[in-house]
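Structural characterization, general
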Amino acid sequence: MSVFRATLIIFVLIMNVQKFIFDKKEVEFTEGETSWKSPSNIALVKYWGKKEGQTPANPSISFTLKNCYTLTTLKYTKSDNFDFQVFVDGKREKSFEPKIKIFLDRIHKYCSFIVNYNFEIHTKNTFPHSSGIASSASGLSALALGIMAIEKTLDPTISDSYFKEKASFLARLGSGSACRSIYPELVVWGKNNSFENSSDLVAVPFVGAHKIFHDFQDTILLVDKGQKVVSSSVGHNLMHNHPFAQQRFNQAHENLEKLKKALIEGDLKTFTSIVESEALTLHAMMMTSNPYFILMKPNTLRIIEEVWAYRTKHNLNLTITLDAGANVHLLYPKKEEKQALSLINSSLIAFCENKSYICDEVGQGSEKIN
Ligand code: PMV
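Read on for an overview of the structure. The model shown is predicted, which means the values in this text are computed figures rather than measured ones. (Residues numbered from 1 in each chain as written. Predicted model: local features only at pLDDT ≥ 70, side-chain atom pairs only at ≥ 80, totals over all residues. Heavy atoms only, no water.)

1. Regarding the overall build of the protein
Operational definition: For helices the rule is a DSSP run of H or I covering at least 4 residues; for strands it is a run of E covering at least 2, with both sets numbered from the N terminus onward. Our radius of gyration is a C-alpha quantity, and the globule rule it is checked against amounts to 2.2 Å times the number of residues to the power 0.38. Contact definition: two residues touch when any of their heavy atoms are within 4.5 Å. For every accessible area listed, the method is Shrake-Rupley and the probe measures 1.4 Å; residues are considered covered only by the protein chains on display. We treat Lys and Arg as the positive residues and Asp and Glu as the negative residues; His and chain ends play no part in the count. All charge positions are set by atom: Lys at NZ, Arg at CZ, Asp at CG, Glu at CD.
Secondary structure assignment for the protein yields nine helices and 14 strands. Compactness check: the protein gives a C-alpha radius of gyration of 21 Å against a globular reference of 21 Å for 370 residues, within 12% of the reference. Counting only C-alpha atoms, the protein reaches 65 × 55 × 40 Å along its principal axes. Considering only intrachain contacts with a sequence separation of at least 6, the fraction spanning at least 24 residues in the protein is 76%. Accessible surface, the protein: about 17100 Å² in total, of which carbon and sulfur atoms supply 54%. Treating the 42 positive side-chain charges of the protein as one cloud and the 38 negative ones as another, the clouds have centres 2 Å apart.

2. Digging into the packing of aromatic side chains
Note the cut-off: Two aromatic rings, drawn from Phe, Tyr or Trp (for Trp, its six-membered ring), form a pair once their centres lie within 6.5 Å of each other, and the interplanar angle then sorts them: stacked below 30 degrees, edge-to-face above 60, tilted otherwise. Burial here depends on accessible area, computed with a 1.4 Å probe over protein chains only, as a share of the maximum for the residue type. Under 20% is buried, over 50% is exposed, and the range in between is partly exposed. We call a charge positioned over a ring when the NZ of a Lys or the CZ of an Arg lies within 6 Å of the ring centre and within 35 degrees of the ring normal.
A complete count under the given rule lists 16 aromatic pairs for this structure. Aromatic pair Phe-20 and Phe-169: ring centres 4.2 Å apart, planes at 20 degrees, arrangement stacked. Of this pair, Phe-20 sits in the loop between helix 1 (3–18) and strand 1 (31–45) while Phe-169 sits in helix 4 (residues 160–174), placing them 149 residues apart in sequence. Phe-169 carries the same exposure label as Phe-20, and that label is buried. Cation over ring: Lys-37 sits above Tyr-69, and NZ or CZ is 4.4 Å from the ring centre. For the cation-ring pair, Lys-260 lies above Phe-195, with the distance from its terminal atom to the ring centre recorded as 4.9 Å.

3. Focus on the side chain of Thr-55
Applied cut-off: Nitrogen and oxygen atoms within 3.5 Å of one another constitute a polar contact, given that in protein one can donate a hydrogen and the other can accept it, and given that sequence-neighbouring residues count only through two side-chain atoms.
Tracing the backbone through its elements, the reader meets Thr-55 in strand 3 (residues 55–56). Among the polar contacts listed, one links the side chain of Thr-55 to the backbone oxygen of Glu-52, at a separation of 2.8 Å. Ignoring sequence-local partners within four residues, the contact set of Thr-55 consists of Lys-50, Arg-172, Asp-200 and Leu-201.

4. Points about the state of the cysteines
How we decide: Working definition: a disulfide is two cysteine sulfur atoms within 2.5 Å of each other.
Evaluated as defined, the whole model comprises zero disulfides. Free cysteine Cys-68: the closest other cysteine sulfur is in Cys-359, separated by 10.0 Å. According to the relative accessible area criterion, Cys-68 is buried, its value standing at 1%. Of all cysteine sulfurs in the structure, the one in Cys-359 sits closest to Cys-352, which takes part in no disulfide; the separation is 11 Å.

5. Details of the packing of helix 7 (residues 268–287) against helix 8 (residues 298–314)
The following threshold applies: In this description, a line fitted to the C-alpha atoms serves as the axis of each element, helices being fitted only across the stretch in contact, and the angle between N-to-C directions of two axes falls anywhere from 0 to 180 degrees. If an angle is under 35 degrees, it is roughly parallel; if it is over 145, roughly antiparallel; if it lies from 65 to 115, roughly perpendicular; otherwise it is oblique. Working rule for handedness: look at the near helix, and if it is turned counterclockwise from the far one by less than a right angle, call the crossing left-handed; if clockwise, right-handed. For this classification, Asp, Glu, Lys and Arg are treated as charged, while Ala, Val, Leu, Ile, Met, Phe, Trp, Tyr, Cys and Pro are nonpolar and the rest, including Gly, are polar.
For the pair helix 7 and helix 8, the least separation of the axes is 14 Å and the interaxial angle reads 165 degrees. Relative to helix 8, the element helix 7 lies roughly antiparallel. Crossing of helix 7 over helix 8 shows left-handed handedness. For the pair formed by helix 7 and helix 8, the contact residues are Thr-272, Glu-276 and Leu-280 on the first element and Ile-304, Trp-308 and Arg-311 on the second. Split by residue class, the contact of helix 7 with helix 8 holds three nonpolar, one polar and two charged.

6. Remarks on unusual backbone geometry
A cis amide bond, omega 5 degrees, links Asn-290 with the succeeding residue Pro-291. Topologically, Pro-291 is positioned in the loop between helix 7 and helix 8. Not every positive phi belongs to a glycine, and Asp-89 is a case in point at roughly 50 degrees. Mapped onto the elements of the fold, Asp-89 is located in the loop between strand 5 (83–88) and strand 6 (91–92). Even without being a glycine, Lys-355 presents a positive backbone phi close to 55 degrees. With respect to the element layout, Lys-355 can be found in the loop between helix 9 (337–346) and strand 13 (357–361).

7. Focus on the nonpolar core
Using the following cut-off: The definition of a nonpolar core used throughout is a set of buried Ala, Val, Leu, Ile, Met, Phe, Trp, Tyr and Cys residues joined through side-chain atoms within 4.5 Å.
Residues Phe-119, Ile-147, Phe-169 and Leu-170 are the most contacted members of the largest nonpolar core, which totals 48 residues. At the level of elements, strand 4 (60–78), strand 5, helix 2 (97–107), strand 7 (117–125), helix 3 (136–154), helix 4 and strand 8 (186–189) are the ones that each hand at least two residues to this core. Aside from chain neighbours lying at most four places away, what touches Phe-119 is Leu-74, Lys-75, Tyr-76, Phe-82, Asp-83, Phe-84, Gln-85, Ile-114 and Ile-150. Formed by 31 residues, the second largest nonpolar core is a distinct cluster that contains Ile-42, Leu-186, Phe-271 and Val-362.

8. Notes on the side chain of Ser-175
Take Ser-175: it is sitting in the loop between helix 4 and strand 8. Residue classification places Ser-175 among the buried residues on the basis of a relative accessible area of 10%. Every residue in contact with Ser-175, bar those within four places of it in the chain, is listed here: Gln-54, Ser-136, Ala-137 and Leu-140.

9. Focus: helix 9
Each α-helix winds once per 3.6 residues, and so residues spaced three or four apart point in a common direction. This is how the line gets drawn: Arc definition: it is the arc formed by the directions from the helix axis to the C-beta atoms.
Every buried residue belonging to helix 9 is among Ala-340, Leu-343 and Ile-344, and all of these are buried. For helix 9, the arc enclosing every buried residue in end-on projection is 100 degrees, short of the 170-degree limit, so these residues lie on one face. More than 90 degrees from the buried face of helix 9, the exposed residues found are Lys-338 and Ser-346. The secondary structure elements touched by the buried residues of helix 9 are strand 10 (217–221), helix 8, strand 12 (328–332) and strand 13.

10. As for the site of the ligand
What counts, and what does not: Proximity criterion: a residue is near a molecule or strand once any of its heavy atoms comes within 4 Å of it.
Every one of the 13 residues lining the ligand counts as a neighbour, but Tyr-47, Ser-175, Ser-177, Arg-180 and His-236 are closest to it. Here an oxygen atom of the ligand sits 2.7 Å away from a polar atom, N or O, in the side chain of Ser-177. Here an oxygen atom of the ligand sits 3.0 Å away from a polar atom, N or O, in the side chain of His-236. Against a free-state accessible area of 380 Å², the protein chains account for coverage of 90% of the ligand.

11. Let's talk about the packing of helix 6 (residues 245–265) against helix 7
Contact geometry for helix 6 and helix 7: axes closest at 9 Å, N-to-C directions at 160 degrees. What the angle tells us is that helix 6 and helix 7 run roughly antiparallel. Our pair here, helix 6 against helix 7, has a crossing hand that is left-handed. Between helix 6 and helix 7, the contacting residues are Arg-248, Gln-251, Ala-252, Asn-255, Lys-258, Leu-259, Ala-262 and Leu-263 on the first element and Thr-270, Phe-271, Ile-274, Val-275, Ser-277, Glu-278, Thr-281 and Met-285 on the second.

Honestly, that's just the spatial picture; any functional story needs more than this.
Below you can see the structure in the form of structure tokens.
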């Protein structure tokens, strides 16, 4: 890359970040509260590996979910001494506070007003705490929206689109994939040539998909509800100096381009082959990093094999994907729901911890709760 191009990219990045700095004269506000509901999401093309400033090493696209979400009420009181406490299901949860502290420290540059308040963060998830489903995407996006609601109180002139864009920007600083949870249905994050308005700093919704994807189903088969042995942050970092990193990042760009076409055309066969390849590549990256690790469990593979056999036998489009864990997300069009549930209840349930699974589907993104 030429020096001129590198300088230009840095300049554009700085200008893009600049617009998220709150620099208005604050209206005096002493206290208030705001409540937000924000869902989890499941990536189809996976973000794995990050660059400076919590930006992604490769672009990703996800389905926003509907039933797995976090509800957060942010109570704020004007104070000379900044402080905050986290309550989960009504009980103080100090173990959550270090992560929130890192988040608040990171966003301070963009929301300088936060140090003038004391916060109580009351949060609860609709999915069980120990389900093995990461709550960081839903949790941090809900919190980012709460912070934006305070910003809107201080500066009522901000537009709805800026509100969401900055909420996505802030959520990303807490947990990368959280930036996608703000928007409905299909959401892209990470600069790439296939999606013109895509960005490393914020997620953007993709609205051109075929109608079959508007009510796609996701049944999450809970293979292992325990804590992951290796966290996502450690996994992302292991992509630095990973022998296959560059090929993987290139592949994600190519897969995104092919998936976009399949999403527009409603091409389910291509959808399945890309989404499953992405899931297995993600885990292949884990198994080939240094140190290596495995997050899948024997039952993860049993489920995958059963799904593939059933799909071939009945000529269906059941598709598996995985996040950074052992649980299997079974994706399928609404019209195949009956067959999918029949497979789950007659066979796959035996491979789930305590026979547990969660029925979810594509959802409409975050919303304010009155
Ligand atoms: O947002 P993080 O740091 O929890 O990482 C998410 C990583 C994956 O779930 C594996 C992939 C993705 O794009 O969501």
